[in-house]
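# Residue-level structural notes
Here is what each chain is made of, one letter per residue.
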Amino acid sequence: MLAGLAGVLSLPLLAACSNGDDPLAAQAGNADGKNYIAGDGSVLEIAPAERGEPVQFRSTLFSGEPISTEDLVGDPAVLNFWYAACAPCRVEAPGLQALHEQFAPEGVRFLGINVRDTVATAEAFERNFGITYPSVEDRGGQVLLAMTDYVPPQAVPTTIVLDRLGRVSARILGIAEPSTLRTLITTVLDERA
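Described below are features of the structure shown in this document.

Definitions and cut-offs
Residues numbered from 1 in each chain as written. Predicted model: local features only at pLDDT ≥ 70, side-chain atom pairs only at ≥ 80, totals over all residues. Heavy atoms only, no water. Pairing = 2+ DSSP bridges. Helix = DSSP H or I, 4+ residues; strand = E, 2+ residues; numbered from the N terminus. Axes fitted to C-alpha atoms, helices over the stretch in contact; angles between N-to-C directions. Contact = heavy atoms within 4.5 Å. Parallel < 35°, antiparallel > 145°, perpendicular 65-115°, else oblique. Left-handed = near helix turned anticlockwise from the far one by under 90°. Nonpolar A, V, L, I, M, F, W, Y, C, P; charged D, E, K, R; others polar. 1 Å grid on protein atoms, 1.4 Å probe; cavity = no way out; pocket = protein on both sides within 12 Å on 5 of 7 lines; lining within 4 Å. Points joined across faces, edges and corners; volume = space filled by probe spheres on them. Buried < 20%, exposed > 50% of the residue type's maximum accessible area, 1.4 Å probe, protein only. Disulfide = S-S within 2.5 Å. Core = buried A, V, L, I, M, F, W, Y, C linked by side-chain atoms within 4.5 Å.

Our focus in this paragraph is the sheet that holds strand β8 (residues 168-173). If you walk across this open sheet you meet the six strands as β1-β8-β7-β4-β5-β6, and the pairing is mixed. Whereas interior strands pair on both sides, the edge strands pair on one side only; in this sheet they are β1 (43-45) and β6 (135-137). Averaged over all neighbouring strand pairs, the angle between strand axes comes to 15 degrees, with direction disregarded. Across six bridges, strand β4 (residues 77-82) lies against strand β5 (residues 109-114) in parallel orientation. Across the sheet, Phe81 pairs through a bridge with Ile113, a residue of β5. Contacts between helix α3 (residues 87-103) and the sheet are confined to β4, β5 and β7 (158-162), with β4 contributing the most and set at about 160 degrees to the helix.

Set out below in structure tokens:
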């Protein structure tokens, strides 16, 4: 509990570095009444020998196309759990897009998992923040349920890094700080499948 409080108290410092034009992003350190639990920014890394079975889920992209974990196997992947009114999600969005652009040429796949929004709301968020990687609609919680070993139900944002075999290699609870996520992605890129 103390670690969680410490993380919540540190989030205003991160929010101070965000775009001052976004009033929701400015609330990143204050989850009171916002229906999310602000993550503490903790990072879990799992050594290759300690990783469990590949994660399994099927869903539909906001574009209407089906997607499953089988589509991601073979390349590292980054899964980001988010929704539009989540203040920390707004803070981390530009960094996630920048990392997507940096690592796309190396085959790293980014996939948003939107846990609350309709298509129109999600697309407005993506336009506002220039997000070009796809997201799935998960208001029913199927993807979240498949990931409960790694993603606490109300800990949004949470970012998961999958290795080439589709196994969880790392998790960030709370805002994905770009340099930390860059290191976690580089780690799985450097691993042999």
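Turning our eyes to something else, we now look at the packing of α3 against helix α6 (residues 178-190). Where α3 meets α6, the axes come as close as 10 Å, and the angle between the chain directions of the two elements is 30 degrees. Taken together, the axes of α3 and α6 are roughly parallel relative to one another. At the point where α3 passes α6, the crossing takes the right-handed sense. Along its contact with α3, which presents Gly95, Leu96, Leu99, Gln102 and Phe103, the element α6 presents Pro178, Leu181, Arg182, Ile185, Thr186 and Leu189. Partitioning the contact of α3 with α6 into residue classes produces seven nonpolar, three polar and one charged.

Attention shifts here to empty space enclosed by the protein. Scanning the entire structure with this criterion turns up one cavity of 30 Å³ or more. What the largest cavity holds in volume is close to 70 Å³. Asn80, Trp82, Cys89, Glu92, Ala93, Leu96, Phe125, Glu126, Ile131, Tyr133 and Ser135 together form the lining of the largest cavity. Elements that contribute at least two residues to the lining of the largest cavity include exactly β4, α3 and α4 (119-129). If you tally residues by element for the lining of the largest cavity, the top one is α3, at four residues. Of the residues that constitute the lining of the largest cavity, the class distribution is seven nonpolar, two polar and two charged.

Turning next to the pairing of β7. Where burial is concerned, most of β7 is hidden: five out of the five residues are buried. Residues Thr158, Ile160 and Leu162 point to one face of β7 and Thr159 and Val161 to the other, with burial holding for every one of them. Two strands pair when backbone bridges link them, and β4 and β7 are joined in this way by five bridges, in the antiparallel orientation. Bridging across to β7, Ala77 finds its partner in Leu162. Alignment of β7 against β8, held across five bridges, turns out to be antiparallel. Within β8, the position partnered with Thr159 by the bridge is Ile172. Joining the antiparallel neighbours β7 and β8 is a turn of five residues, in which Gly166 adopts a positive phi near 85 degrees.

The final tally for this structure, using the stated rule, is one disulfide. Shown here is the disulfide that connects Cys86 with Cys89, its sulfur atoms set 2.4 Å apart. Taking the torsion about the sulfur-sulfur bond, which here is approximately 80 degrees, the covalent link between Cys86 and Cys89 counts as right-handed. Assigned by exposure class, Cys86 and Cys89 land together as buried.

Counting residues in each nonpolar core, the largest one holds 49 residues, and the members touching the most others are Leu79, Phe81, Leu111, Met147, Ile160 and Leu181. Contacts of Leu111, omitting those with residues within four sequence positions, involve Phe57, Leu61, Ile67, Leu72, Val78, Leu79, Asn80, Tyr133, Pro134, Ser135 and Val136.

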